[in-house]
Amino acid sequence: MKPWTLGLTGGIGSGKSAVAQCFVDLGVHLVDADHAARWVVEPGRPALAAIVAHFGEEVLQADGQLNRAALRARVFANAEERRWLESLLHPLIGQEISQYLTRAQSPYSILVSPLLIESGQYAMTQRVLVVDAPEHLQVQRTMLRDQSSAEQVQAILAAQARREERLRHADDVLVNDRDLAWLKAEVEHLHAFYLTLKGGQP
Ligand SMILES: CC(C)(COP(=O)(O)OP(=O)(O)OC[C@H]1O[C@@H](n2cnc3c(N)ncnc32)[C@H](O)[C@@H]1OP(=O)(O)O)[C@@H](O)C(=O)NCCC(=O)NCCS
Ligand SMILES: Nc1ncnc2c1ncn2[C@@H]1O[C@H](COP(=O)(O)OP(=O)(O)O)[C@@H](O)[C@H]1O
């Protein structure tokens, strides 16, 4: 039977990557929208040239790669610039994702994306798992992971769907407010359940 796709989403620092890694350890095929977002702006790809034409040479590093920190500072300080970037990149990211989803060998595959709902990528999935965490934990974990300031994390949070909106699209919710051993056990339960599903439904 054709593998179905589980959409995995949650706000920044909610624990999507940690949950995704647990599924990978169980042998599930994973496609990561953040990785696709990096591939489409590699040197030589047309999107990078369009970004430089729009934002200027200061969003390039000396080696010709995108200066992600510089672009991050620009787009999370200005919603119009962020929307411009999204309208350029989201169609390209969507194409990469659908190509990689077709390579799935496992009974189901996972698309992990911070913007699954906002970008409409959930249309490529048959079921949605939302990782949820209290906002103070999201901020604390992201600051530790990225060495970013609380203000920058808050600015990114403000650019994302509200928790209620994300939860409205959820078939399953994993509240990641305990330790990683507990998280792993929860993923094992979900995986056992997902293996019983056909096309993402009981
Ligand atoms: C702006 C940008 C260059 C910054 O790069 P970076 O500093 O390396 O940061 P990352 O790409 O790792 O993104 C950091 C966080 O910002 C959030 N984020 C990224 N793009 C976002 C956007 N357009 N709107 C809201 N939040 C966004 C994500 O939550 C991400 O963290 P998470 O995956 O851990 O949840 C990069 O985020 C980008 O190209 N964004 C536009 C493309 C896009 O929408 N990507 C999201 C996946 S579809
Ligand atoms: N339950 C947890 N306990 C402790 N640390 C966690 C837990 N879940 C995630 N983390 C850590 O918090 C940070 C953010 O998690 P991550 O999975 O990268 O979030 P996301 O992908 O949603 O942005 C990472 O450094 C991760 O290792």
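Within each chain, residue numbers correspond to sequence positions counted from 1 in written order. Whichever chain is written first is A, and whichever ligand is written first is 1; the rest continue in order. Confidence filtering applies because this is a predicted model: local features only for residues at pLDDT of at least 70, side-chain atom pairs given and counted only at 80 or more, and all residues used for totals across whole chains, interfaces and linings. Side-chain numbers here rest on the full set of heavy atoms in the structure, without hydrogens or water.

Going by an unreviewed UniProt entry, the protein chain carries the name Dephospho-CoA kinase and comes from Phytopseudomonas dryadis. Its UniProt record, at the heading Catalytic activity (unreviewed entry), says of the protein chain: "3'-dephospho-CoA + ATP = ADP + CoA + H(+)". UniProt positions are given in the numbering used here, feature names are shortened, and annotations may be inferred rather than shown by experiment.

Draft legend 1. Looking closely at the site of ligand 1. Nearness is judged by heavy atoms alone; a residue qualifies as near a molecule or strand once a single heavy atom is within 4 Å of it. In the region of ligand 1, 22 residues are neighbours, and Lys16, Asp34, Arg68, Glu86 and Gln160 sit closest. Identification of polar contacts relies on pairs of N or O atoms within 3.5 Å, with a donor-acceptor requirement for protein atoms, meaning one able to donate a hydrogen and the other able to accept it, and with residues adjacent in sequence counted only if both atoms are side-chain atoms. In this structure, Arg38 approaches ligand 1 through a side-chain N or O atom, which is 3.3 Å from an oxygen atom. With respect to ligand 1, the side chain of Glu86 contributes an N or O atom lying 2.6 Å from a nitrogen atom. Here ligand 1, which alone exposes 850 Å², has 93% of that area covered by the protein. Of all the secondary structure elements, the ones that give two or more residues to the shell around ligand 1 are helix H2 (33–39), helix H4 (68–75) and helix H5 (79–101). Secondary structure elements follow DSSP: runs of H or I of four or more residues count as helices, runs of E of two or more count as strands, with numbering from the N terminus. Examining the composition of the shell around ligand 1, we find that six residues originate from one element, H5, more than from any other. Considering only residue class, the shell around ligand 1 consists of eleven nonpolar, three polar and eight charged. Computed with the Shrake-Rupley method and a 1.4 Å probe, the accessible areas treat only the protein chains shown as cover for residues. Each residue gets one label: Ala, Val, Leu, Ile, Met, Phe, Trp, Tyr, Cys and Pro are nonpolar, Asp, Glu, Lys and Arg are charged, and the others, such as Gly, are polar.

Draft legend 2. Focus on the site of ligand 2. For ligand 2, the set of nearby residues contains 14 residues, the closest of which are Lys16, Ser17, Arg145, Asn176 and Arg178. Of all elements in the fold, only helix H1 (16–25) and helix H6 (135–146) reach the threshold of two or more residues within the shell around ligand 2. By residue number, the principal contributor to the shell around ligand 2 is H1, which donates three residues. Split by residue class, the shell around ligand 2 holds three nonpolar, six polar and five charged.

Draft legend 3. Looking closely at the environment of Leu197. Mapped onto the secondary structure, Leu197 falls in the segment after helix H9 (180–194). The exposure class of Leu197 is buried, given its relative accessible area of 8%. Not counting chain neighbours up to four residues away, the residues in contact with Leu197 comprise Trp4, Arg127 and Pro202. Buried residues are those whose accessible area, probed at 1.4 Å on protein chains only, stays under 20% of the maximum for their type, while exposed residues exceed 50% and partly exposed ones sit between those limits. The contact criterion used is simple: two residues touch if any of their non-hydrogen atoms lie within 4.5 Å.

Draft legend 4. Quick look at helix H7 (residues 150–158). Considered for burial, the residues of H7 that qualify are Val153, Ile156 and Leu157. Taken around the axis of H7, the buried residues stretch over an arc of 100°, which confines them to a single face. Exposed and facing more than 90 degrees away from the buried side of H7 are Glu151 and Ala158. Considering only its buried residues, H7 is in contact with H4 and H6. Here the arc refers to the directions that run from the helix axis out to each C-beta atom.

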